[in-house]
Structures are given as structure tokens and as C-alpha cells.
Amino acid sequence: MTLHAAATALFGWLGAPIAWFILLVWWQVFTIARRESQNALAPREPLPCSEQRPAFAKPELVVCLLVIGMLVGLLMPATSDTDSMRHAEISMKMVAHALSEYEQEHGRLPPIVTRDEHGQALHSWRALLLPYLDEPQLQAAYRYNEPWNSPHNVALAQYRPWHFRGYYPNDEIAAECTAMQALPVGDRYVLCEHEDFVSNWLEPMQLDADAIDAFANAADARQGFWHHGIFSSQYRGRLMVSGAVSYQVYPSSSSAIVTAMADPQVGMHARKIVGRPWRVWHTRNAVLLAVFVAVTLYPFRWLHRITRGGLEAKRSGG
């Protein structure tokens with residue numbers, strides 16, 4: 001029961017089969033040890049010292065190797081051929097390129113929100129970029145003479161361009177929603193993604209300069225980009241893209257973010273680091289692992305008594 005509790009606390013629902021597997025291995029080891037101990041009590045010719053079984057032999061070694069191999073396999077982070085942060089950066093740079101094409105053609109950046117004469121929001125900047133995102137069918141179907149939430153345009157929300165897809169692995173975003181927003185900073189737009197700013201990709205949504213504070217704050221384990229580990233997790237920050245330059249934002253001040261974006265030398269860097277890397281240590285997992293290993297290897301104490309008793313019986317029989 002103690003082993004089952006320790007394994008469940010450390011591995012979750014996988015702890016139950018792991019605990020039963022370890023118990024099965026120990027049962028097999030004790031069965032072999034008891035059989036050898038009983039054979040030692042049977043009358044027979046004494047064995048030479050070189051053939052006597054030592055107190056630590058094959059069954060115990062097998063258990064150690066199994067436990068070590070299982071822990072290494074379970075605790076090592078899984079490798080992946082995909083990098084969600086890299087994919088997000090690629091898509092955001094493609095949208096930034098579309099913004100640049102729009103600016104070259106119209107002489108200005110697209111408005112974040114277009115409004116009618118009554119001030120009602122009509123379209124988002126994302127809808128205005130459809131001609132520059134290689135979406136001819138969606139562009140032809142979208143009606144710019146109707147507001148974004150008209151029955152016809154709302155029906156097109158399910159065909160969200162892949163450029164606006166969210167790449168947060170721990171955050172499920174609906175098929176018609178996006179976390180990518182355009183944030184005006186100075187005379188340009190900075191593309192950013194944040195879980196607090198998720199909206200329908202057609203919905204007009206305008207962020208103000210105060211939204212930079214949200215990117216400067218530290219995130220929990222379900223937000224932003226992370227390298228998750230058993231004993232520690234490294235926060236990879238958030239992404240902000242302006243033109244061909246991306247910013248990897250670690251916890252910092254909002255003024256530091258604005259200063260980094262105003263750096264005239266920023267064009268020399270493909271990705272600029274803002275703030276300092278942040279790591280979180282999981283001491284609870286270290287304690288749980290220590291308890292699990294201690295409980296798993298505790299039967300060695302009993303096994304040593306059995307094997308020692310068998311050796312003493314052999315010596316007394318000699």
C-alpha cells in the first residue's frame with residue numbers, strides 16, 4: 001500500500017501498474033530466495049566457498065536494473081520533432097510580412113479596427129489581410145460590406161487561416177478563435193499571443209499599451225512556452241514579432257519591452273531576448289521520488305536476512 005501510494009503520487013494514474021509490476025518482481029525474487037534458503041537447509045554435501053551464493057546476487061541486481069531503467073525512462077522528458085514556439089514564430093512572421101505588403105500597397109498599416117459612421121466595429125485587421133495571406137477563396141467569400149458578425153461572415157469563422165492558429169500546447173483554443181493580436185507600439189504594429197486575449201479571429205479587438213504589462217508578467221505552467229521537466233521547468237517566455245524581428249520576452253518590466261523594440265540595432269538579431277530566463281524548481285517531485293525509491297528498495301533489507309540465513313545454514317551444515 002505504501003508503494004502504491006508513493007507511485008501514484010509521483011506518476012499519477014501510471015503509478016498503479018508501476019507499483020504492481022515492482023511487487024511482481026519482488027515476489028519473484030523472494031520466491032527464488034526462499035527456495036534457495038530451503039535448499040540450504042536440506043542435507044547435502046557442503047559447497048566450496050567459491051560456489052556459495054553471496055548476499056547480493058542476480059535477483060537483487062535484476063531489481064536494481066529494472067528500477068533504474070524504469071525511472072530513467074519515465075523521468076526523461078519526451079522528445080518531439082515539433083517545436084510549438086518555432087511554429088508560432090514562423091506563422092507570426094508570415095503575418096508580419098502580410099502587414100508589410102499591405103503597408104507597401106496602401107501607404108499605411110491597416111487599421112486595427114474599422115468602424116462605420118456610428119462608431120460600430122466592422123472588421124478586424126486580420127480580415128483586411130486576407131488578400132495577403134494566400135487565402136483567395138476565403139477572401140472572395142468574405143463580405144466587407146457587412147459587419148464581421150453578420151450571419152454570412154460568422155459562418156466563415158470556422159475556416160480560420162492557419163496563420164492565426166494558437167500554438168500553446170496546454171491551452172485548447174476553439175477552431176474559430178485565435179490568440180494572435182496586433183499591438184500598436186509607436187508607428188508600427190507588434191504581433192503577440194497571450195491566453196488572456198483570445199477571440200474569434202474575425203472579431204475586431206484592439207489592445208492598448210497597457211497590454212504590454214501582461215507580457216511582462218511571469219506566467220504559470222499552463223501559459224506561454226515552457227520546457228517542462230520532472231525536477232525543474234524552464235520558462236521560454238512569450239513571443240512578440242515586429243517585421244522580421246522576433247522578441248522572446250521573459251519576465252521583465254513593460255518599459256524594458258518598449259525599450260528593446262525601440263533599439264536601433266535590433267535589426268541585427270533574428271530573435272532578441274528581453275528580460276532574464278526563468279526557471280521553476282519542483283522540490284515536491286524530488287521528495288516524492290526519494291520516497292518512491294526508498295519504498296521500492298526497502299525489501300532489500302528483508303532479502304538480505306533471507307540470503308544471510310541461507311548462507312549460515314550452509315556453513316553450519318558444513
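Residues numbered from 1 in each chain as written. Predicted model: local features only at pLDDT ≥ 70, side-chain atom pairs only at ≥ 80, totals over all residues. Heavy atoms only, no water.

Novice: In this structure, what is going on with the overall build of the protein? I would like to understand it.
Specialist: Looking only at helices and strands, the protein has eleven helices and eleven strands in total. Taken over 318 residues, the protein has a buried fraction of 42%. Taking as baseline every contact in the protein between residues at least 6 positions apart, the subset at least 24 positions apart corresponds to 64%. For the protein, the accessible surface area stands at approximately 17,800 Å², while carbon and sulfur atoms represent 57% of it. (Helix = DSSP H or I, 4+ residues; strand = E, 2+ residues; numbered from the N terminus. Buried < 20%, exposed > 50% of the residue type's maximum accessible area, 1.4 Å probe, protein only. Contact = heavy atoms within 4.5 Å. Areas by Shrake-Rupley, 256 points an atom, 1.4 Å probe, with all protein chains shown as cover.)

Novice: Is there a simple way to explain the nonpolar core in this structure?
Specialist: Soluble globular proteins tend to bury their nonpolar side chains together. Among the nonpolar cores identified, the biggest contains 33 residues, and Trp125, Leu129 and Leu191 are the most heavily contacted of them. Of all elements in the fold, only helix H4 (84-106), helix H5 (125-128), strand E4 (180-185), strand E5 (188-193) and strand E8 (232-242) reach the threshold of two or more residues within this core. Broken down by element, this core gets its largest block of residues, eight residues, from H4. Ignoring anything within four residues of it in the chain, the contact list for Leu129 reads Val95, Ala98, Leu99, Tyr102 and Pro110. Judged by nonpolar contacts, the second largest core, of 19 residues, contains Ala211, Tyr247, Ile257 and Val274. (Core = buried A, V, L, I, M, F, W, Y, C linked by side-chain atoms within 4.5 Å.)

Novice: It is not clear to me how helix H10 (residues 283-297) should be interpreted in this structure. Could you clarify?
Specialist: An α-helical turn contains 3.6 residues, so any two residues separated by three or four positions project in the same direction. In this model H10 runs 21 Å from its N-terminal to its C-terminal C-alpha over 15 residues, within 8% of the 21 Å that 1.5 Å per residue would give. All of the buried residues along H10 are Asn285, Leu288, Leu289, Phe292 and Thr296. Down the axis of H10, the smallest arc covering the buried residues is 100 degrees, so these residues share one side. Of the exposed residues in H10, those oriented more than 90 degrees away from the buried face are Thr283 and Val287. (Expected span 1.5 Å × (residues − 1). Arc of directions from axis to C-beta.)

Novice: Would you mind going over the packing of aromatic side chains with me for this structure?
Specialist: The relative placement of two aromatic rings is captured by the distance of their centres and the angle of their planes. One pass over the full model with this rule turns up eight aromatic pairs. Summarising the aromatic geometry, the rings of Phe197 and Phe215 are spaced 6.2 Å apart at their centres and angled 35 degrees between planes, so their arrangement reads as tilted. With Phe197 in the loop between E5 and strand E6 (199-200) and Phe215 in helix H8 (residues 212-216), the pair connects residues that are 18 residues apart, well separated along the chain. Each member of the pair, Phe197 as well as Phe215, carries the same accessibility label: buried. Measuring from ring centre to ring centre gives 5.0 Å for Trp226 and Tyr235, while their planes differ by 50 degrees; the resulting arrangement is tilted. Residue classification places Trp226 among the buried residues on the basis of a relative accessible area of 12%. Note on Tyr235: relative accessible area 0%, which makes it buried. Here the aromatic cluster, defined as three or more aromatic residues joined through ring pairs, consists of Trp125, Phe164 and Trp201. Over the face of the ring belonging to Trp281 we find Arg279, whose NZ or CZ atom lies 5.9 Å from the ring centre. (Phe/Tyr/Trp six-rings, centres within 6.5 Å; stacked < 30°, edge-to-face > 60°. Lys NZ or Arg CZ within 6 Å of the ring centre and 35° of its normal.)

Novice: Which parts of the structure should I look at to understand a nonpolar patch on the surface?
Specialist: A cluster of nonpolar side chains, contributed by Ile90, Met94 and Trp162, occupies part of the molecular surface with about 270 Å² of accessible area. Checked against the element boundaries, Trp162 lands in the loop between helix H7 (151-154) and strand E3 (177-178). (Patch = residues over 30% accessible without salt bridge, like charges linked within 9 Å, V, L, I, M, F, W, Y side chains within 5 Å. Salt bridge = Lys/Arg side-chain N within 4 Å of Asp/Glu carboxyl O.)

Novice: Can you help me understand the pairing of strand E9 (residues 245-249) in this one?
Specialist: A regular strand places its side chains on the two faces of the sheet in alternate fashion. In terms of residue burial, E9 counts as a mostly covered element, since five of its five residues are buried. Where E9 meets strand E10 (residues 271-274), four bridges bridge the pair, whose relative direction is parallel. Its bridge partner lying in E10, Val249 is registered against Val274. (Pairing = 2+ DSSP bridges.)

Novice: What is the right way to read the packing of helix H1 (residues 2-11) against H10 from this model?
Specialist: For any two helices packed against each other, one specifies the crossing angle of their axes together with the interaxial distance. Interhelical geometry of H1 versus H10 gives an angle of 150 degrees and a closest axis separation of 9 Å. Relative to H10, the element H1 is oriented roughly antiparallel. For the pair H1 and H10, the sense of crossing is left-handed. For the pair formed by H1 and H10, the contact residues are Thr2, Leu3, Ala6, Ala7, Ala9, Leu10 and Phe11 on the first element and Arg284, Asn285, Leu288, Leu289, Val291, Phe292, Val295 and Thr296 on the second. Residues of the contact of H1 with H10, tallied by class, amount to eleven nonpolar, three polar and one charged. (Axes fitted to C-alpha atoms, helices over the stretch in contact; angles between N-to-C directions. Parallel < 35°, antiparallel > 145°, perpendicular 65-115°, else oblique. Left-handed = near helix turned anticlockwise from the far one by under 90°. Nonpolar A, V, L, I, M, F, W, Y, C, P; charged D, E, K, R; others polar.)

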